[in-house]
Amino acid sequence: AKRYSACLSELAQHGHWEILLQMLALMERENVVLDVYMYSYAISAWGKLHQWEKAVELLDTMEQRGIVPNDVSFNTAIVACGVSGQWRKSVDLLQDMERRGLRPNVVSYNSAVSACGQNRRWEDALLLLEEMMAKGITPNTITFNSAIAACGTSGRWQEALGLLEQMTREKVQPDVVTYNTVIKACGDGGQRAKAIEMLREMPERGIQPNVISYSAAIAACTSEDSADQALHLLTEMKDAGVTPNAVSYSSAIRACGYGHGKKWPDALQLLEEMAAKGIEPNEVAYCSAIKACGVGGQWEEALRLFKEMEQHSLKPGNVAYASVIDACGASGRWQDALRLLRQMNGKGFHVNVVPYNVAIKACSKGGEWASVMQVIREMEEMGVTPTVVTYSSAIAACARGREWQEALGLLRLMDDKGVKPN
RNA sequence: GACCUCGAUACAGCCUGC
């Protein structure tokens, strides 16, 4: 059993969930008696594969085989449901535990709070927080961190800040993750100043900001005038002895895309700087830089970066193509946009709708409504399903070209295809 | 030997305000 477990642990660490499940199935066939730990691995694996039914089913299966599920079994199932979008089932499992004579513990509630958060149910997350306290289960730092994240992903930055204050009242120590989560919540809520204020508050409370704290603060710089702020934070973190990584740089490069189209040189410089420091720019860094060039009307730079990506053996995917096509379109280079779009076929990945959408936008801007209609047809041939964005862009192109009949035709077409006009 | 929390990339139009 020891050796089997070591093997399962190894597979889990490397994220080989399918193999892990295959191995367990094989073990069963060989009449190896699975213990409660092994079942937890199985429940966890099904969760990672978003197969919550399988995960929950195992709680019964194991019992039938004489292995009584314990608190960890349930906690693992709660997580599995949460990541599969089944937050309600996660919450229900807390009750199931009690029905089976198990007491949900702090990890059980933390998992359920997190499950609510991942599904943007901030109110349910807060209800669970109240419920656990009413039951005499003391929330810990992770509980609050999960609740703050729940508010953040639900767009409720004020509530996130409220929870930070509540922690003080309840004498629960915030840690670096608490602040990082709050910074992100503020950033997502468009509250850059507040995000930076929180970064400043950390040392006052004896918490040293780490690379994630700074990166989250940089990522909060998304208003038109905040590129300089992002660059300043990047410098500041270096001075503080926190080494920026690829995420820090990518976030700063992204901020350059918000600088009224004037910050593309900074984006290029950051890209060079990171490479010089031995941090190989990844697809995210390149795409962010391509976008910054695009909004600055620098289609040649965008194309150059795109080629450079390929030379660095980064295989451009949907995001990279969409970024560069959009950059071309923004500069009126609709022919380049179409050329790039058509180049995507046969590159060995599944082309999604976004590159098509941006190509349509490019043609629209170029007054090429006929090309727009052609692209729509190509989508059909390629089996790419247009979305409401596709049709809206195409209709806008017809409007620009005074092609009202085509516009009406598209409206009817989207209706036929079951895409709801908005 | 099994369970919980944090950071970066692409797409439309319309309306309102500046």
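Residues numbered from 1 in each chain as written. Chains lettered and ligands numbered in written order. Predicted model: local features only at pLDDT ≥ 70, side-chain atom pairs only at ≥ 80, totals over all residues. Heavy atoms only, no water.

## Notes on a nonpolar patch on the surface
Consideration 1: There is a patch of nonpolar side chains on the surface, built from Trp404, Leu408 and Leu411 and spanning about 320 Å² of accessible area.
Consideration 2: Note on placement: Trp404 falls in helix H24 (residues 404-416).
Consideration 3: For Trp404, a relative accessible area of 56% translates into the label exposed. (Patch = residues over 30% accessible without salt bridge, like charges linked within 9 Å, V, L, I, M, F, W, Y side chains within 5 Å. Areas by Shrake-Rupley, 256 points an atom, 1.4 Å probe, with all protein chains shown as cover. Salt bridge = Lys/Arg side-chain N within 4 Å of Asp/Glu carboxyl O. Helix = DSSP H or I, 4+ residues; strand = E, 2+ residues; numbered from the N terminus. Buried < 20%, exposed > 50% of the residue type's maximum accessible area, 1.4 Å probe, protein only.)

## Some remarks on the pattern of salt bridges
Two side chains of opposite charge can pair, provided their charged atoms sit close to one another.
Consideration 1: Using the criterion set out here, one finds 23 salt bridges in the structure.
Consideration 2: Measuring nitrogen to oxygen at the nearest pair gives 2.8 Å for the salt bridge that ties Arg100 to Asp60. You can see Arg100 sitting in the loop between helix H6 (87-99) and helix H7 (106-118) and its partner Asp60 sitting in helix H4 (residues 52-64), a full 40 residues away along the chain.
Consideration 3: Overall, Arg100 belongs to the partly exposed group, its relative accessible area being 34%.
Consideration 4: Of the charged contacts in the structure, one is a salt bridge between Lys135 and Glu131, with a shortest N-O distance of 3.9 Å.
Consideration 5: The class of Glu131 is partly exposed, set by a relative accessible area of 33%.

## Regarding unusual backbone geometry
Consideration 1: With a phi close to 60°, Asn31 is a non-glycine residue in the positive phi region.
Consideration 2: Secondary-structure assignment places Asn31 in the loop between helix H2 (17-29) and helix H3 (36-48).
Consideration 3: For Arg402, which is not glycine, the phi torsion reads 55° and is therefore positive.

## Brief notes about the environment of Cys186
Consideration 1: Position of Cys186 among the secondary structure elements: in helix H11 (residues 176-188).
Consideration 2: Residue contacts for Cys186: discarding those within four places in its chain leaves Trp157, Leu161, Gln191, Lys194 and Ala195. (Contact = heavy atoms within 4.5 Å.)

## Some thoughts on the protein's contact with RNA strand B
Consideration 1: Neighbouring RNA strand B are 53 residues, the closest being Ser5, Asn75, Asn110, Asn145 and Asn357.
Consideration 2: Within 4 Å of the protein, the atoms of RNA strand B are drawn from sugar and phosphate moieties in a proportion of 49%.
Consideration 3: Ser40 places a side-chain nitrogen or oxygen 2.9 Å from a base nitrogen of RNA strand B.
Consideration 4: Contact distances for RNA strand B include 2.8 Å between a base nitrogen and a side-chain N or O atom of Asn70.
Consideration 5: Classifying every residue of the surface near RNA strand B by side-chain character gives 20 nonpolar, 26 polar and 7 charged. (Near = heavy atom within 4 Å. Polar contact = N/O pair within 3.5 Å; in protein donor to acceptor, adjacent residues only side chain to side chain. Nonpolar A, V, L, I, M, F, W, Y, C, P; charged D, E, K, R; others polar.)

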